[in-house]
Amino acid sequence: MPTHGEEFPAQSGAPLTDSAGWTRIAALPAEDSARVQALMQAFAEELMQDGVRVGGVTQIRVADRSGIMLRDVATGAFYPISQDLGPGSVACNLDTSELALACAAIERAAGAGAQLIVISKFSKQEAGRGGLCDAFRAAMAARVPVIAAVSPHYREEWRAFAGRLAEDVAPERQALAEWWAKINGAAAGGPSI
């Protein structure tokens, strides 16, 4: 993602800058990850009930703390991103192939006319410019607003990645609704509601 003043080439070849119509990212502090993931899922479902086309994934934990899945907010499909490496294993259990499939689903949604993209988290993988970074880029190139949780451990990396394209939003339903209304007011050329 560009930092202030840098350009990111759009898919059409025209450069986009933060001052040339980039859509904003609502960055939710994810100190309480489970609560923030549930909030993003519920907000996406609420918007979809109102006819908004939403794409993206939220994260859920299964069985124990090591079992993590990503859930597609629109289709309900699951991407199990934790591999069972057996008892006693201390190796990284991230299933990068499932993570890549989830990222590709988000990229497809961004390119297929989604009006909002939900990205489960900016964390360790994204801080290293892997993980779901391409999903962020696809949403930005398509000028689709994004809601993302940001790990408290990677706030500096987040700032370097998103720069002025993101704004911190309180992890509360009302704050998300106000951000969404402001984004839609700006997109329509009218005042924020």
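Higher on the page you've got the structure.
The present account deals with the structure reproduced in this document. (Residues numbered from 1 in each chain as written. Predicted model: local features only at pLDDT ≥ 70, side-chain atom pairs only at ≥ 80, totals over all residues. Heavy atoms only, no water.)

**Overview of the side chain of Gln41**
Within the secondary structure, Gln41 is located in helix H1 (residues 33–49). Since its relative accessible area comes to 6%, Gln41 is described here as buried. Each residue touching Gln41, except ones within four places of it in the same chain, is listed here: Thr58, Arg71 and Val73. (Helix = DSSP H or I, 4+ residues; strand = E, 2+ residues; numbered from the N terminus. Buried < 20%, exposed > 50% of the residue type's maximum accessible area, 1.4 Å probe, protein only. Contact = heavy atoms within 4.5 Å.)

**Some details on the packing of helix H2 (residues 96–111) against helix H4 (residues 133–141)**
Each packed pair of helices is defined by two parameters, the angle between the axes and the distance between the axes. Direction vectors running N to C along H2 and H4 enclose 0 degrees, while the axes themselves pass 8 Å from each other. Here H2 lies roughly parallel to H4, going by the angle between them. Mapping the contact onto sequence places Cys103, Ile106, Glu107 and Ala110 in H2 and Asp134, Ala135, Ala138 and Ala139 in H4. For the contact of H2 with H4, a count of residues per class yields six nonpolar, no polar and two charged. (Axes fitted to C-alpha atoms, helices over the stretch in contact; angles between N-to-C directions. Parallel < 35°, antiparallel > 145°, perpendicular 65-115°, else oblique. Nonpolar A, V, L, I, M, F, W, Y, C, P; charged D, E, K, R; others polar.)

**Quick look at the nonpolar core**
Counting residues in each nonpolar core, the largest one holds 35 residues, and the members touching the most others are Ile25, Ile117, Ile119, Leu132, Phe136, Val146 and Trp158. Those elements that provide at least two residues to this core are strand E3 (25–29), strand E5 (67–72), H2, strand E7 (116–122), H4, strand E8 (146–150) and helix H5 (155–162). The biggest single contributor to this core is H2, with seven residues. Other than its neighbours up to four places away in sequence, Trp158 contacts Ile25, Ala27, Phe122, Phe136, Val150, Gly163 and Ala166. (Core = buried A, V, L, I, M, F, W, Y, C linked by side-chain atoms within 4.5 Å.)

**Things to note about the pattern of salt bridges**
With the rule as written, the count across this model stands at seven salt bridges. The salt bridge partner of Arg159 is Glu156, with a shortest N-O separation of 2.7 Å. Of this pair, Arg159 and Glu156 are both found in helix H5, three residues apart, which corresponds to roughly one turn of the helix. Here Arg159 falls in the partly exposed class, since its relative accessible area comes to 42%. Note on Glu156: relative accessible area 57%, which makes it exposed. The network of salt bridges with shared partners includes Arg24, Glu167 and Lys182. (Salt bridge = Lys/Arg side-chain N within 4 Å of Asp/Glu carboxyl O.)

**Digging into the packing of aromatic side chains**
Per the stated rule, a full pass over the model turns up seven aromatic pairs. Measuring from centroid to centroid gives 5.0 Å for Phe122 and Trp158, while their planes differ by 65 degrees, and the two rings are edge-to-face. Of the two residues, Phe122 is situated in strand E7 and Trp158 in helix H5; the sequence distance between them amounts to 36 residues. Residue Phe122 shares its accessibility class with Trp158, and that shared class is buried. Taking 6.2 Å as the distance between ring centres and 40 degrees as the angle between the ring planes, the aromatic pair formed by Trp158 and Phe161 counts as tilted. Taken together, the residues span about one helical turn, with Trp158 and Phe161 both in helix H5 at a distance of three residues. The residues Trp158 and Phe161 share a single accessibility class, namely buried. Here a set of aromatic residues connected by ring pairs shows up, and it is made of Phe122, Phe136, Trp158 and Phe161. (Phe/Tyr/Trp six-rings, centres within 6.5 Å; stacked < 30°, edge-to-face > 60°.)

In short, geometric facts, not functional conclusions.
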